[in-house]
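Take a look at the letters that make up each chain.
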Amino acid sequence: MNLKVFTIPVPSLLTLWTTVRSVGAFDVTCSFVALWAFVKILRALRWRLKTTQLRGPPRTSFIYGVSHDLTSSQDNAGMYERWATEYGVAYMIPSVLGQTRIVLCDPRAIAHFYARETWTYVQTPLFLVHLEASIGRGLLWSQGEDHRRQRKALTPAFSNAAIRKLTSVFYDSAYKARICNAKGAWDIAIESCKDGDSIIEVQNWCDESYIILLALLVFSHDFGSLDGKRTSVTELFDTFGNNQQASALNQVLLLLASVYPIIIKIPTKRSNLVEKLAVAMAKISDELLTRSRQEKDVNISERDEEKSIIGLLIKSEGQDAELRMSGEEIMAQMKVLLLAGYETTSISLTVSPLCDNVCAHYSCDDQWMLIELSRHPDIQIRLREELLAFGGEPTYDQLKANLPYLDAVVHENLRLHPPLAEFTRLAAKDDVIPLSEPVRTESGEMMDSITIGKGTLITISVAAINRSSAIWGPDAKEFKPDRWLSEDGISGKAKEVQGHRHLLTFVDGPRACLGKDFAITEIKTVLSVLVKSFVFEMRDGQDTPVEVVRGIFPRPRVVGEDGIGVPLRVRRYE
């Protein structure tokens, strides 16, 4: 029996190239575009089938949706809250170039979201590209198991036992910030004024105060801050902050980059400054790591190493380390400490972070805190009376348990002024999110849970949840520390929020702020030193309007003035 063998000719590369040339480059390009469009349509159809279609605000811009309205608003938290009132605790908002985001304003839904963060809900491509370019692949960049490993390696530095040992250092840094060359810099400024008070830009002082803590506690190094000269570190960050007025081009590029992250690599003044910042931070970090390794080699004392986070980083680079980190990861952690730690912590004493940041809240509440106390002199007097009645310097445990009004003031400030106002994550797989109350879908159906398709963008406004009248009651927008002192001061709905003291300021879940207790202790110690010694007032009266402007992170500024910061009138407490 004769069998016929058929051979299928395999075209050579030359044959394929000849075919392409004969068809024409234009036709090939059109084919690829058509294929790309077909894949996009399939994904869009799948997403629509897998995702509950919710109601939401109409698109105000064909290109930007409502994204431009949110970024340009002084009160985007208020916008999110108004939409929640109109459309329910979960709704959709149109975003850039046809994208859609789901906004969660429901405590039960948010708790579900946090429980699955880093695995089901991950960082967006834009955030990852930006982080890798500016900081590197460290704790903030990592996902899943890598994130768990890096976080676990740093956790011992922020335990209660570790912070308890460091409380005295908090006081030392606060006094060093105030007492330079045996005479207070603020005292000198006050004495030079006939009226017994002085106008002081406290933001600069808060920045320098943080640098002392950063130097002593993280790097075991003194940058020379607060001795009458600006440090290279603070000058570096201030250069960025003083150029915070983004051009219209920058705003457009950042919005479009949410769809096409590669756009963020287009050279602009802002991107060049970010690159310069990354290079400078890398140089500083490398010098500090090299010096610390040398000190370790000459048997630096165990006590000093315990106080320094850098000691844990160096320990983790050993080949036999249980939770080993690569050199790239260690460098990224150093940059996080310099960047997010410096910028967000210095903001808080005057206003009240990046989440997951190991030191995102060291003094981030300092700036807004002093502004709120200046706006509310009765609260400032009451706080001073409690501190003076206690006497001396409270220990770590006393700061937590024996000064209730100080605790109330600090947490009320954290509630009203979270440094990280909102964040967006990407669903890496399908999910079902439960709700505490039903919402009406686009088709009019009432649902007590919503389905989330892979690729869905989820947004949570920390500021909107923290200030929501539906959650915190009709006085939610007021600075009212007394709400923390009584059983019924916090409403039942607020108690459903799963986070530190029912706040989302430090977020929750796997990316909850690792330096939360560190930050609160630092804020309390510095505030106790300042309030017992000085009286703070708004320079132009209690009703002085203050707005938020953007540096690397949002900062306060008097409305109508250039630059950043809020000058306060400061006098000694007699």
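Please refer to the structure higher up on the page.
Note that the structure is a prediction, hence the values are computed from the model and not measured.

Caption draft 1: Region of the structure containing the overall build of the protein. Within the protein one finds 23 helices and 14 strands. Considering the protein as a whole, with its 574 residues, one finds that 53% of them fall into the buried category. Per element, the accessible surface of the protein, about 26300 Å² overall, is 56% carbon and sulfur.

Caption draft 2: Summary view of the sheet that holds strand β1 (residues 90-94). Pairing is mixed in the open sheet, where 5 strands are placed in the order β1-β2-β10-β7-β3. A strand with exactly one partner marks an edge of an open sheet, and here the two such strands are β1 and β3 (121-123). Neighbour to neighbour, the strand axes of the sheet diverge by 40° on average, direction disregarded. Note: β3 against strand β7 (residues 422-427), 3 bridges, orientation antiparallel. Across the sheet, Tyr121 pairs through a bridge with Ala427, a residue of β7.

Caption draft 3: Spotlight on the nonpolar core. By size, the foremost hydrophobic cluster in this structure holds 90 residues, and its most contacted members are Trp83, Tyr91, Leu104, Leu383, Ile450 and Leu527. By size, the runner-up hydrophobic cluster in this structure holds 28 residues, among which are Phe158, Val169, Phe170 and Leu514.

Caption draft 4: Highlighting the packing of aromatic side chains. Tallied over the full model, the rule gives 11 aromatic pairs. Here a set of aromatic residues connected by ring pairs shows up, and it is made of Tyr80, Trp83, Tyr87 and Tyr91. The ring of Trp472 has Arg415 sitting right over it, with the charged end atom 5.4 Å from the ring centre.

Caption draft 5: Looking closely at the sheet that holds strand β6 (residues 197-201). The 3 strands lie next to each other as β6-β14-β11, forming an open sheet whose pairing is antiparallel. Of all strands in the sheet, those bounded by a partner on one side alone are β6 and β11 (534-538). With strand direction ignored, the average angle separating the axes of adjacent strands in the sheet is 35°. Two strands pair when backbone bridges link them, and β11 and strand β14 (residues 567-572) are joined in this way by 5 bridges, in the antiparallel orientation. Bridge pairing in β14 places Phe534 opposite Arg572. Sheet strands touched by helix α23 (residues 516-533): β11 and β14. Its angle to β11, the strand with the most contacts, is close to 90°.

Caption draft 6: Just the environment of Gly144, in detail. As for its position among the elements, Gly144 is in helix α7 (residues 144-154). Since its relative accessible area comes to 8%, Gly144 is described here as buried. Separated by 26 residues in the primary sequence, Gly144 and Thr118 have C-alpha atoms spaced 5.1 Å apart. In this view, Gly144 contacts Thr118 and Trp119; residues no more than four positions away in its chain are not counted.

Caption draft 7: Inspection of the side chain of Glu547 at higher detail. Following the sequence through the fold, Glu547 ends up in strand β12 (residues 546-550). Separated by 2.7 Å, the side chains of Glu547 and Arg557 make a polar contact. Filtering out sequence-adjacent residues up to four positions away, Glu547 remains in contact with Gln74, Arg555, Pro556, Arg557, Val558, Val559 and Gly560.

Caption draft 8: Quick look at unusual backbone geometry. A positive phi angle is found at Leu97, which is not glycine, with a value near 50°. Tracing the backbone through its elements, the reader meets Leu97 in the loop between β1 and β2 (100-104). Its relative accessible area of 42% is what places Leu97 among the partly exposed residues. Non-glycine residue His502 carries a positive phi angle of around 65°. Note that His502 resides in the loop between α22 (469-472) and α23. Residue classification places His502 among the partly exposed residues on the basis of a relative accessible area of 24%.

Caption draft 9: Region of interest: a nonpolar patch on the surface. Side chains of Phe32, Leu35, Phe38, Val39, Ile41, Leu42 and Leu45 sit close together on the surface and give an oily, nonpolar patch of about 690 Å² of accessible area. By secondary structure assignment, the location of Leu35 is in helix α2 (residues 25-50).

Caption draft 10: Representation of the packing of helix α18 (residues 377-390) against helix α20 (residues 404-416) in the model. At a minimum axis distance of 8 Å, the contact between α18 and α20 shows a crossing angle of 140°. In terms of axis orientation, α18 runs oblique to α20. Two packed elements cross with a definite hand, and for α18 against α20 that hand is left-handed. Side by side, α18 and α20 meet where Ile379, Arg382, Leu383, Glu386 and Leu387 of the first sit next to Pro404, Tyr405, Leu406 and Val409 of the second.

Thresholds applied
- Residues numbered from 1 in each chain as written.
- Predicted model: local features only at pLDDT ≥ 70, side-chain atom pairs only at ≥ 80, totals over all residues.
- Heavy atoms only, no water.
- Helix = DSSP H or I, 4+ residues; strand = E, 2+ residues; numbered from the N terminus.
- Buried < 20%, exposed > 50% of the residue type's maximum accessible area, 1.4 Å probe, protein only.
- Areas by Shrake-Rupley, 256 points an atom, 1.4 Å probe, with all protein chains shown as cover.
- Pairing = 2+ DSSP bridges.
- Axes fitted to C-alpha atoms, helices over the stretch in contact; angles between N-to-C directions.
- Core = buried A, V, L, I, M, F, W, Y, C linked by side-chain atoms within 4.5 Å.
- Phe/Tyr/Trp six-rings, centres within 6.5 Å; stacked < 30°, edge-to-face > 60°.
- Lys NZ or Arg CZ within 6 Å of the ring centre and 35° of its normal.
- Contact = heavy atoms within 4.5 Å.
- Polar contact = N/O pair within 3.5 Å; in protein donor to acceptor, adjacent residues only side chain to side chain.
- Patch = residues over 30% accessible without salt bridge, like charges linked within 9 Å, V, L, I, M, F, W, Y side chains within 5 Å.
- Salt bridge = Lys/Arg side-chain N within 4 Å of Asp/Glu carboxyl O.
- Parallel < 35°, antiparallel > 145°, perpendicular 65-115°, else oblique.
- Left-handed = near helix turned anticlockwise from the far one by under 90°.

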